[in-house]
Structure formats: structure tokens, C-alpha cells
Protein chains: 2
Amino acid sequence: MDVRRLELLRELAERGSITEVARATHRTPSAVSQQLRVLEREAGLPLTEKAGRGIVLTDAGRALARSAADVAVAIEHANALWDEFRNDPTGEVSLATFPTGGQMLLPGTVKRLDAIGGLTLHCSDRDPESDDFPALTADFDIVLAHTASPAAMNWPSNEITVVKLMTEPLDIALPPGHPLASKELLDPEDLIGERWIGVPWGYPFEKAIQDISTAAGTPMNVVQRFGDTRVTEAFVANGLGIAILPCYTAGGAYRSEIVLKNLRGVVSERHIFALIRPDRAERLAVRTVVDALRAEADAVVAANAHRNPPYPA
Amino acid sequence: MDVRRLELLRELAERGSITEVARATHRTPSAVSQQLRVLEREAGLPLTEKAGRGIVLTDAGRALARSAADVAVAIEHANALWDEFRNDPTGEVSLATFPTGGQMLLPGTVKRLDAIGGLTLHCSDRDPESDDFPALTADFDIVLAHTASPAAMNWPSNEITVVKLMTEPLDIALPPGHPLASKELLDPEDLIGERWIGVPWGYPFEKAIQDISTAAGTPMNVVQRFGDTRVTEAFVANGLGIAILPCYTAGGAYRSEIVLKNLRGVVSERHIFALIRPDRAERLAVRTVVDALRAEADAVVAANAHRNPPYPA
DNA sequence: TACGTCCATGTAGCGACTCTACACCGTAGC
DNA sequence: GCTACGGTGTAGAGTCGCTACATGGACGTA
């Protein structure tokens, strides 16, 4: 019945082991184990059971953990009301981002927050191969995530608050001297036979390249695979291949050595979201940051409107 | 941010004074005062202000108290899930009733609960002049309440869970030898000139007598006023006047010395409810008792169906 | 089979927290 | 004025949850 203990159970459900919970909550495993033991005694039924050298939650444990989330939401709602009343979002907000998203949105967002004043935003980037964005919400207030298609968004929407920020077109990146660089719009067939600089298996852009292959009727020839777009850009700028890159962020140091072209006939875009655990989403400070992110995303889209013609069907 | 402190604030909002909160929560006023002080320091803004020799909540305090109720609901929801899982409603349930309601429903309800087994129901009756039924929900899990008209139910439905149990007709009680006792149905005009045994000012039945006066076009002559229906019944049985009494409960020791007659043209009935504070309503034990109350109320209505003809409009 | 590692869990003791007991102060009513 | 009442301070005691350290079982490897 004690809320702090319930919260521990919920952490256990999210993280899977007592040691991990202890690390996340800055306690010793012994303390966590003791508290869970008390909770189990109060509950009157087993909440965990041994599994190998670790433990797993029982059905009852999982159910209780879920209701613990509701309690957390109610408590954070009270905290938010609190902040609202003194009109002063307090505390620190942590944010995890994928590299290109952070590059595109975070400087502007931080400037917007500085203009408001009062709260501090701690950002850090996470390796983009981690396609398990929702898991990061246990450690960060806000997680920036992207997917190739909204259909691939198999995130549990009742356990994760999803805020759509923007849709960014994916363009074909060519070196300036490339024969295709003079065309206004590219068709998938144009790209047959090109050498591609792709992404590692499982990265979001992979799907876009597959779609192009399907539309062209021939598999694309991916000769390199990089996770960091700056490496990709360096290769393209040096004439070593073509690539598919997010339209608003591509370029950077190679702005004058890369040409971006719209692709016709294939829906190539990525969708960028903010993911937040519902209880954290209640905090006024968190909501303020999300609002700033949305405003910044809108501004980026507006600033790039001229390069973003409507796609033919 | 501590839940126990929030709960204290909520008690303060409900009860209005620190001393009362201390009494209700089995603490000393000093302890309550200290905890509220800490809460206020955490909040960073004043939650209470002095008023005479007592205190009142500020707007912020009231708002926080309201969100504390949401937290309580979430916590009790978790507790209920708990009970659900071990399939065993635990703990004790307290119930406050008005006398005739308790007489009519509680014996059967307790029998039903005994058949299920496992939980204990503590009942006590409260003076019926207390028309402030909702306030009792702070001290009892379930409060049985009645009103003459549902319109008079000005209970805040978002702060109180209201469960309708039954509608009980109000009949005219006559001594057996009374001239009107031979009529099948009575009209308001029949009652002009009768001596009435009424209820104290403010009791629910008062409205029914007023409605009859309006329908008859003449004020009724109330010569006695009793809160306890047994006294009223004794007077009616002894031929000292007529009265309006709840159909299913009237009689008792005077069953053979009282005649009950339906009244035509006036909607005379009382509505019986169970009132529960939303957080308490989450408990499985409480819901089990409410279910038993509803079943018993249905049974009482069914058993009396023959005396309950539909009212002409 | 023996060993090291990992994870969960006991035990002792320390520190923080929240309660009680009691004293004090301001307000209201006789 | 006195008395009653409600709220607030202070000192001390009990409880609770944490750490530090030791124990024991499960898995992987030599």
C-alpha cells in the first residue's frame, strides 16, 4: 500500500532485475530486495518468482506494477498543478535524442527555453541503432525518436505518450558533378546501377532504400553502410556513391559539395516524435520543453517549405 | 510531493480544522500542523491562512487537495486490484445509515455478505436530521442516504460516487377504523382537515406533505412532529392522526394497527442511495458491500411489488 | 568437477523521519 | 477579566529504510 514501494515494483517491471532497479534508483540491491519483500508480505501473494539467477514478475506483480503507473501519473499531476500555481516550472528535464534530430531541433529548442528562463534541459545523444526508443523513457524525461513509417510505430500508446513533432522528407544526395544532378526530379528508375552509401541493417532509412528497389524493380547496390550521416556525406561529397538523407539536416560541412534531389513516386520521409512516460508527461517543466520542441519543429518545417514540394501520389 | 502529507491536506479541506483532522487520523494536532508546514515549504507557496482562531485553505491549497483526491483514487485502485488478485476482499467496511433504511436493507445485506464470507461490515445509524449526508463519507466507507426528489440531490457528483439503490413509495398511514381506510386510493382532497403526524423541519418527508398541500389547495394541519417513525406509528395506531410513511418499512410493531393507502395525483416517494467517496469506492470490499446492498434493495422492491402499483400521472 | 561471476537475499547498525507530550500564544465568547 | 479553543513550537522516543558486508544458489568456463 506504500507508494514508494509500488514505484519500486514498477521499476522492476520496466528494468527486469533488482540490480538494475537499484542502480537506477541510487540504492543498494539489498534495499530494493527488502522493500519488495515487505510489499509482497503486504500483498499476501507472490509478486516475483525465481528465474535462473534472476527473478521475473508474476502475473499479479505485473498487474500491480501497471496500477503503480496510474498512481505515479496522479502524483505527477499533483506536482504539475503545484508548478502551475506558482507559475514556475521547476527542476531539471532530461532528454535523449538521435544525432540528426538533436542537430536539427535542440539548439533552437534550448534558445526558446532560455528565453522563457527558469528550467534547465539536459540533453544527450543515444546510438541510433537502438531502435528500442520506448525503453529509454525509463531513464529520460523526453526521448526523441524517428521511424520511416508511422505504421512501424508499434509503441504501446497507453504506456507511452507520443507527441508528433514533424515529418521530414528524405532526399537523394548526389555529388555536384553527377549526371542526375541536372534533373529537377528523380524517378526510382534513374537510380538503377548507382552505388549506394546505406545505413546499417535495422536503421530506419533501410526501409526507404527497399521501397526504391521495389519501385525500380531491381535491388539497389549498397556498397557501404554507415550509421553516422557525416561519414555518409563525406563519401557522397567525394563522389563515392549516392545516399538517401534527411532533407533538413543533410549538408552540414559538405553543404556546397552535395546536391539534394526530390524523388518522385516513392513516399520517402521520416516521422519524428517525442516519447514520454505518462507520469513524466504530467510535469509542467516537461510539457514546457515539449511545447518548445513542437514550436521549433514547426519553425524548421516552415523555413524549409520551399524545398518541400508536395509529393505526387 | 509526499503522498501521506497530501492526504492530510485533503482531510483538512474536508474537515476544515487541524484539530478535526488530527482526531480523524488518530494523531495530535501538533503532528498535523508540522506535516502541513513541511508540505507548504515543499510547495513554496502558502496553502493555508489564518481566519479567526482557525485556518482556511488558500486557492492553491484547495486545488492541491483536489488533486490529492485523484492520488487517493489511484492508490485505492491499486489496492482493489490487489484484492482482486487474491480474490479475497479484505479489511473492514464501515457504513452509516438512516434508521428506516437500515431497518429495511441491512439485515438482508449482512446475511448476503455472510454467505460470501470473509469481510465484516460495521454499521451504525446517524440522526436523520443530518441532511448533510456527503459529509459522512469522510468517516464511513458507505453512507446510506435518501431524498424526496432526485432534483434535491445537490451532491457534488464528481467528489461523491452515488449509487442508486431503490425508490420507495410513500403511503398515507391511517388507523384501521378511519373513514378513509375503506377507500382503494386516496386523493389529496380527501386529506383536508386531517390531523397530521409530521416530521421535524428539514426532513425529507416534509416536501411530500407540502406537495399534498399544494395539490389539495389547503395547508395540511401538522399537529405533531417526530423524527423517529416508530413514534409516528404509535400515534397513528392510536388514532391520533395520519401520517406519510415509507411504504416498505412502515408497520413494524404496529403492522395490524395501521392501514397504508396509496395516494393519487401526487408523486410521493423517496429515493435511496449509497454515497461513497471515490477513493473508497475503488476498494473491492466496499464494492462487494454495495453489490449486496443493491441486490437486497432489488429483493425488497420485488417482494413488495404487489403493493406498488404504477402511479397515475 | 572446480572455480569465478552474477544476482538475489539475509543481518547489524546508523541516520532520518514522524510521532507524542507538553508548553505557549492568539482569538473568541462569557 | 477569565476560560475555552485552535494552532504552533520544542525535546525526545520509536519506527523505518538505508548501507555495508556476508551468504547462497545459478550459470559459464577451465
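Throughout, a residue's number is its position along its own chain's written sequence, starting from 1. All chains are assigned letters beginning at A, and all ligands numbers beginning at 1, according to the order in which they are written. For a predicted model such as this one, the threshold for reporting local features is a pLDDT of at least 70, and the threshold for listing and counting side-chain atom pairs is 80 or more; totals across whole chains, interfaces and linings nevertheless cover every residue. Excluded from the side-chain calculations are hydrogens and water; all other atoms, namely the structure's heavy atoms, are used.

## Comments concerning empty space enclosed by the protein
We count it as follows: Using protein atoms alone on a 1 Å grid, points that fit a 1.4 Å probe yet trap it form a cavity, whereas open point sets bounded by protein on both sides within 12 Å along at least five of seven lines form a pocket; residues with an atom within 4 Å of a point count as lining. Grid points are joined across faces, edges and corners, and a volume is the space filled by probe spheres set on the points. Secondary structure elements are defined from DSSP: runs of H or I of at least 4 residues count as helices, runs of E of at least 2 residues count as strands, and each element is numbered from the N terminus. Ten residue types, Ala, Val, Leu, Ile, Met, Phe, Trp, Tyr, Cys and Pro, are classed as nonpolar, four, Asp, Glu, Lys and Arg, as charged, and the remainder, Gly among them, as polar.
Under the definition given, this model contains two cavities of 30 Å³ or more. Counted as a void, the largest cavity has a volume near 60 Å³. Around the largest cavity sit Ile197, Gly198, Val199, Phe205, Ile209, Thr229, Thr232, Ala243, Ile244 and Leu245 of chain A, which together line it. If you list the elements that add at least two residues to the lining of the largest cavity, you get strand E8 (195-198), helix H7 (205-216), helix H8 (229-237) and strand E10 (243-246) of chain A. Ranked by residue count, the leading element in the lining of the largest cavity is E10 of chain A, at three residues. Its residues placed into classes, the lining of the largest cavity shows seven nonpolar, three polar and no charged. Considered as a void within the structure, the second largest cavity measures approximately 30 Å³ in volume. Along the walls of the second largest cavity sit Leu45, Ala60 and Leu64 of chain A together with Leu81, Trp82 and Phe85 of chain B, which together make up its complete lining. Those elements that provide at least two residues to the lining of the second largest cavity are helix H4 (59-86) of chain A together with helix H4 (59-86) of chain B.

## With respect to the protein's contact with DNA strand C
Defined as follows: Being near a molecule or strand, for a residue, comes down to having at least one heavy atom within 4 Å of it. Two N or O atoms form a polar contact when they lie within 3.5 Å of each other; inside protein one atom must be a possible hydrogen donor and the other a possible acceptor, and for residues adjacent in sequence the pair counts only when both atoms belong to side chains.
For DNA strand C, the set of nearby residues contains 22 residues, the closest of which are Thr19, Ser30 and Ser33 of chain A together with Arg27 and Thr28 of chain B. Taking the atoms of DNA strand C that fall within 4 Å of the protein, sugar and phosphate contribute 74% of them. One nitrogen or oxygen atom from the side chain of Gln34 of chain A is found 3.3 Å from a base oxygen belonging to DNA strand C. Those elements that place two or more of their residues in the surface near DNA strand C are helix H2 (18-24), helix H3 (29-43) and strand E2 (54-57) of chain A together with helix H1 (3-15) and helix H3 (29-43) of chain B. Considering every element that reaches the surface near DNA strand C, the biggest residue donor is H3 of chain A, with five residues. Partitioned by chemical class, the residues of the surface near DNA strand C number four nonpolar, twelve polar and six charged.

## Considering the domain arrangement of chain A
A common way to report how large an interface is uses the accessible area buried once the components associate. Residues and elements named next belong to chain A. We count it as follows: Start and end points for every domain follow an automatic or database-based domain assignment. We call two residues in contact when some of their heavy atoms are within 4.5 Å. By definition, the buried area sums, over both parts, the 1.4 Å-probe accessible area that each loses when the two are put together.
With domains assigned, chain A is organised as domain 1 (3-84) and domain 2 (91-313). Relative placement of domain 1 and domain 2: their C-alpha centres are 35 Å apart. Contact with domain 1, which involves twelve residues of that partner, is made by ten residues of domain 2. Surface buried jointly by domain 1 and domain 2 totals about 950 Å² across both partners, of which 48% is contributed by carbon and sulfur atoms. It is Arg15, Val73 and Glu76 that lose the most area in domain 1 upon contact with domain 2, and together they represent 39% of the buried surface on that side.

## Looking at the packing of aromatic side chains
Convention followed: For Phe, Tyr and Trp, rings pair up if their centres lie within 6.5 Å, where Trp contributes its six-membered ring, and each pair is then called stacked (planes under 30 degrees apart), edge-to-face (over 60) or tilted (otherwise).
Tallying each qualifying case throughout the model produces two aromatic pairs over all chains. Measuring from centroid to centroid gives 4.9 Å for Phe226 of chain A and Phe235 of chain A, while their planes differ by 50°, and the two rings are tilted.

## Comments concerning the layout of surface pockets
All names here are of chain A. Each pocket or cavity is described by its volume, and for the second largest pocket that value is around 750 Å³. Along the walls of the second largest pocket sit 28 residues, with Arg10, Ala13, Glu14, Glu159 and Arg277 positioned nearest its centre. Listing elements by their share of the lining of the second largest pocket, those giving two or more residues are helix H1 (3-15), E2, H4 and helix H6 (133-136). Ranked by residues supplied to the lining of the second largest pocket, first place goes to H4 with six residues.

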